[in-house]
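Here's the letter readout for the chains.
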Amino acid sequence: MLGLLFPVLAIAQTDVALDPEFGGRVSVSVDKRITRGLHVSLEEEARFDNNFGSLDRLQTTLALSYKVHPNIKLGLGYALINGYGTQSESFKDPRHRLMADVTGTLHYGSWNFSLKERFQVTRRTGDFNVYQNPQNALTLKSRLQVHYKGLGRVQPYAYFEVRNYLNAPVIEAAYDGTVYVTLDDHAEEGETGWFLKGFNGGYVNRLRGSLGADIRLDKRNTLNFYILCDYVMDKEVNANAEGTKLKSYTRETGFRGWIGAGYEFAF
């Protein structure tokens, strides 16, 4: 029966429900106006996960924005992501992220409606499994936001965001309905029961919503408080480092939430 399965390769995956997880984010940023419409900013952010039980990452972001039109703003940025490993109790190999975005805004009285499109490239460093992830992950984020400025110093906002993973791994696998089929130790090289066809698979892997408020203490100082929720739909390939065995191919779905606070100084 297993022999009949090998000539026919089929794509299959199993669904895994993630337990809800909550965490927190804290950030401090500085925004400098260079000239009319041109700003540079620097932000340091700490993220906590596992229901606030552990440090997840420290992220440093340097960004440049320019308003080319009263309703259109362009942006470029770089982020250094230092992930923290709770098992090793040390910082992992850092990741480098480049970002480019365009934001269109419509003003209606005290209401601001905006659509932001951001393309980003995240480069992994150190050792990683080349059969599971590309070295450079490509992502496109689309965010629709509404901001209300009619309450004086307190300015509430809400947004909804869709995140597209543009170069996910694409596989073909022999699957018997329960597990992935792999040949025994005497199989010929290449007859592994699965094949990595490349990293050209695109799909929506995050739906995100947020409610928050900016509190302007004065012209230069602003506080930000928010809640954030993700619905995760990640496809995960788990293979050995040699690429000879596919252990699992799953779609992990579930909710993650954060409570966040930030401070910005502008000058």
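Residues numbered from 1 in each chain as written. Predicted model: local features only at pLDDT ≥ 70, side-chain atom pairs only at ≥ 80, totals over all residues. Heavy atoms only, no water.

Draft legend 1. Here's a closer look at the side chain of Asn112. For Asn112, the position within the fold is in strand β8 (residues 111-123). Reaching out from Asn112, the side chain makes a polar contact with the side chain of His107 at a distance of 2.8 Å. Discounting residues that sit within four places of it in the chain, Asn112 has contacts with Thr105, Leu106, His107, Gln145, Val146, His147 and Lys149. (Helix = DSSP H or I, 4+ residues; strand = E, 2+ residues; numbered from the N terminus. Polar contact = N/O pair within 3.5 Å; in protein donor to acceptor, adjacent residues only side chain to side chain. Contact = heavy atoms within 4.5 Å.)

Draft legend 2. Structural view of the side chain of Asn205. In this structure, Asn205 sits in strand β11 (residues 194-216). Only 3.2 Å separates the side chain of Asn205 from the side chain of Asp234, close enough to count as a polar contact.

Draft legend 3. Expanded view of the nonpolar core. Of all hydrophobic cores here, the largest spans seven residues; its members are Ile171, Ala173, Trp194, Val237, Ala239, Leu246 and Tyr249. Sorting the residues of this core by element identifies β10 (154-173), β12 (221-239) and β13 (246-266) as the ones contributing at least two each. Membership of the second largest hydrophobic core comes to five residues, among which are Tyr157, Tyr159, Tyr226 and Leu228. (Core = buried A, V, L, I, M, F, W, Y, C linked by side-chain atoms within 4.5 Å. Buried < 20%, exposed > 50% of the residue type's maximum accessible area, 1.4 Å probe, protein only.)

Draft legend 4. Molecular detail of the pairing of β10. In terms of strand pairing, strand β9 (residues 136-148) meets β10 through nine bridges, oriented antiparallel. Its bridge partner being in β10, Val146 is matched across the sheet by Ala158. Of the strand pairs in this sheet, β10 and β11 are connected by 17 bridges, and their pairing is antiparallel. Looking at β11, one finds that Val154 is bridged to Ile215. (Pairing = 2+ DSSP bridges.)

Draft legend 5. Summary view of a positive patch on the surface. On the surface, Lys32, Arg33, Arg36, Lys67, Lys73, Lys149, Arg216, Lys219 and Arg220 cluster together into a positively charged patch. Residue classification places Lys219 among the exposed residues on the basis of a relative accessible area of 73%. (Patch = residues over 30% accessible without salt bridge, like charges linked within 9 Å, V, L, I, M, F, W, Y side chains within 5 Å. Areas by Shrake-Rupley, 256 points an atom, 1.4 Å probe, with all protein chains shown as cover. Salt bridge = Lys/Arg side-chain N within 4 Å of Asp/Glu carboxyl O. Lys, Arg positive; Asp, Glu negative; His and termini not counted. Charge placed at Lys NZ, Arg CZ, Asp CG, Glu CD.)

Draft legend 6. Spatial organisation of the confidence of the model for the protein chain. When pLDDT is averaged along the protein chain, the result is 89; 87% of the residues meet or exceed 70. In this model, residues 1-11 is a region of pLDDT below 50 whose contacts with residues beyond four sequence positions or in other chains number 22 contacts. In the model, residues 186-191 has pLDDT below 50 throughout and makes two contacts with residues more than four positions away in sequence or in other chains. (pLDDT = per-residue confidence, 0-100.)

Draft legend 7. Up close: a nonpolar patch on the surface. A grouping of Phe22, Phe52, Leu211, Ile227 and Ile259 is seen on the molecular surface, where their side chains present a nonpolar patch of about 520 Å² in accessible area. By the element assignment, Phe52 lies in the loop between β3 (38-49) and β4 (54-69). Phe52 gets classed as partly exposed once you look at its relative accessible area, which sits at 47%.

Draft legend 8. Summary view of the environment of Asn51. With respect to the helices, strands and loops of the structure, Asn51 is situated in the loop between β3 and β4. Residues contacting Asn51, with those up to four places away along its chain left out, are Pro20, Glu21 and Phe22.

Draft legend 9. Local environment of the packing of aromatic side chains. Counted by the stated rule, this structure contains seven aromatic pairs. Ring centres 5.1 Å apart and planes at 80° place the aromatic pair Tyr84 and Phe91 in the edge-to-face group. You can call Tyr84 partly exposed: its relative accessible area is 22%. Taking the relative accessible area as the measure of exposure, Phe91 reaches 42% and is therefore partly exposed. Aromatic rings pair up to connect Trp111, Phe113 and Tyr148 into one cluster. When the ring centre of Tyr159 is taken as reference, the NZ or CZ atom of Arg143 above it lies at 3.9 Å. Sitting over the ring of Tyr203, Lys235 keeps its end group 4.9 Å from the ring centre. (Phe/Tyr/Trp six-rings, centres within 6.5 Å; stacked < 30°, edge-to-face > 60°. Lys NZ or Arg CZ within 6 Å of the ring centre and 35° of its normal.)

Draft legend 10. Quick peek at unusual backbone geometry. Unlike most non-glycine residues, Asn50 shows phi in positive territory, near 55°. A positive phi angle, near 55°, is found at Asn51, a position not held by glycine. Asn51 sits in the partly exposed class, given a relative accessible area of 47%.

Draft legend 11. Focus on the pattern of salt bridges. Tallying each qualifying case throughout the model produces nine salt bridges. We note a salt bridge from Arg47 to Glu45, for which the minimum N-O separation is 2.8 Å. For Arg47, a relative accessible area of 14% gives the class buried. Taking the relative accessible area as the measure of exposure, Glu45 reaches 9% and is therefore buried. Between Arg57 and Asp56 there is a salt bridge, with the nearest N and O atoms lying 3.7 Å from each other. Owing to a relative accessible area of 26%, Asp56 belongs among the partly exposed residues under this scheme. Each member of the salt-bridge network shares a partner with another, and the members are Arg206, Arg208, Asp230 and Asp234.

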